[in-house]
Amino acid sequence: THGEARSHLGGPRLAADLTPMGPARPVPMNPEAADQDGSLLRLSTGRILLGAFSWYPFPPAFADVVEAGGNSFHGSADSTGSCYLFWGGFVRHTDDDGVHWTSPAYLPPVPDALDIVPGKRPFHGGAIRGRPAESDGEILLPTYLNRNREEKTASFAYASSDMGRTWAYRS
């Protein structure tokens, strides 16, 4: 399915010939939502940056309330057993090759985007797609989303000048 309530990120350590070196090492689960589609970048400092996005699972019994609030979601009682509200794009990092990870840090809101939960949860960054890139001391992170129900999906960029600790909307 497109969403799963317990999805989380992890990966194997690989030898130089890309042979797995033991079982996959999980990234600690996000306490708020289910994580999906991680993108990794090893920075010039050795830090590994993880960009991903989350789905917030909720019971299908609340689907009418969510739709009445103007939100779209994935899933249904019949197709997935749960419903999933997009929860936002985030970054995490590790300085010890994945032994310890920072908590998810959601990206700043996309300007002029409708709130995920009106008045309570802005649209944090969109879905991260593509690989982050580091150039001249700056990291760029691509995202996409539909800012409101009228527009088509659009691409956006976020930037960090402090090795991924903080992010700003770029374009």
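Here's a quick rundown of the structure.

Reading the values: the criteria
Residues numbered from 1 in each chain as written. Predicted model: local features only at pLDDT ≥ 70, side-chain atom pairs only at ≥ 80, totals over all residues. Heavy atoms only, no water. Buried < 20%, exposed > 50% of the residue type's maximum accessible area, 1.4 Å probe, protein only. Helix = DSSP H or I, 4+ residues; strand = E, 2+ residues; numbered from the N terminus. Pairing = 2+ DSSP bridges. Polar contact = N/O pair within 3.5 Å; in protein donor to acceptor, adjacent residues only side chain to side chain. Phe/Tyr/Trp six-rings, centres within 6.5 Å; stacked < 30°, edge-to-face > 60°. Lys NZ or Arg CZ within 6 Å of the ring centre and 35° of its normal. Contact = heavy atoms within 4.5 Å.

## With respect to the pairing of strand E4 (residues 48-58)
For a regular strand, side-chain orientation follows a simple rule: the groups alternate between the two sheet faces.
Now for step 1: The buried count for E4 comes to 9 of 11 residues, which makes it a mostly enclosed element.
Now for step 2: In terms of strand pairing, strand E3 (residues 34-42) meets E4 through 7 bridges, oriented antiparallel. Paired with Ala34 across the two strands is Trp55, which belongs to E4.
Now for step 3: In this structure, the hairpin formed by E3 and E4 is closed by a connection of 5 residues, where Gly46 is found at a positive phi of approximately 100°.
Now for step 4: In this structure, E4 lies alongside strand E6 (residues 83-94), joined through 11 bridges in antiparallel fashion. Looking across to E6, one finds that Pro57 is bridged to Tyr84.

## A word on the side chain of Arg121
Now for step 1: Here Arg121 is to be found in the loop between strand E7 (105-106) and strand E8 (127-128).
Now for step 2: In this structure Arg121 comes out as buried when scored by relative accessible area, which is 12%.
Now for step 3: Here Trp87 takes part through its backbone oxygen, which lies 2.9 Å from a polar atom of the side chain of Arg121.

## Describing the packing of aromatic side chains
Now for step 1: Scanning all chains against the criterion turns up 9 aromatic pairs.
Now for step 2: Between Trp55 and Phe86, the ring centres sit 5.7 Å apart and the planes meet at 90°, which makes this aromatic pair edge-to-face. Separated by 31 residues along the polypeptide, Trp55 in strand E4 and Phe86 in strand E6 bring together distant segments of the chain. Both residues of the pair, Trp55 and Phe86, belong to the buried class.
Now for step 3: Ring centres of Phe58 and Phe73 lie 5.4 Å apart, and the angle between their planes is 80°; on these two criteria the pair is classed as edge-to-face. In this pair, Phe58 is assigned in strand E4 and Phe73 in the loop between helix H1 (63-68) and strand E5 (74-75), connecting sequence segments 15 residues apart.
Now for step 4: Within the aromatic cluster, the residues linked to one another by ring pairs are Phe53, Trp55, Phe86 and Phe123.
Now for step 5: The ring of Tyr106 is capped by Arg121, whose NZ or CZ atom sits 4.6 Å from the centre of that ring.

## Some remarks on the environment of Arg131
Now for step 1: Examined against the element boundaries, Arg131 turns out to sit in the loop between E8 and strand E9 (133-135).
Now for step 2: A residue is classified by how much of its surface remains accessible, and Arg131, at 60% relative accessible area, is exposed.
Now for step 3: Distance from Arg131 to Thr166, taken between C-alpha atoms, is 18 Å for residues 35 residues apart in sequence.
Now for step 4: When sequence neighbours within four positions are dropped, the list of residues in contact with Arg131 reads Leu40, Leu41 and Pro142.

As far as function goes, none of this settles anything; it's purely spatial.
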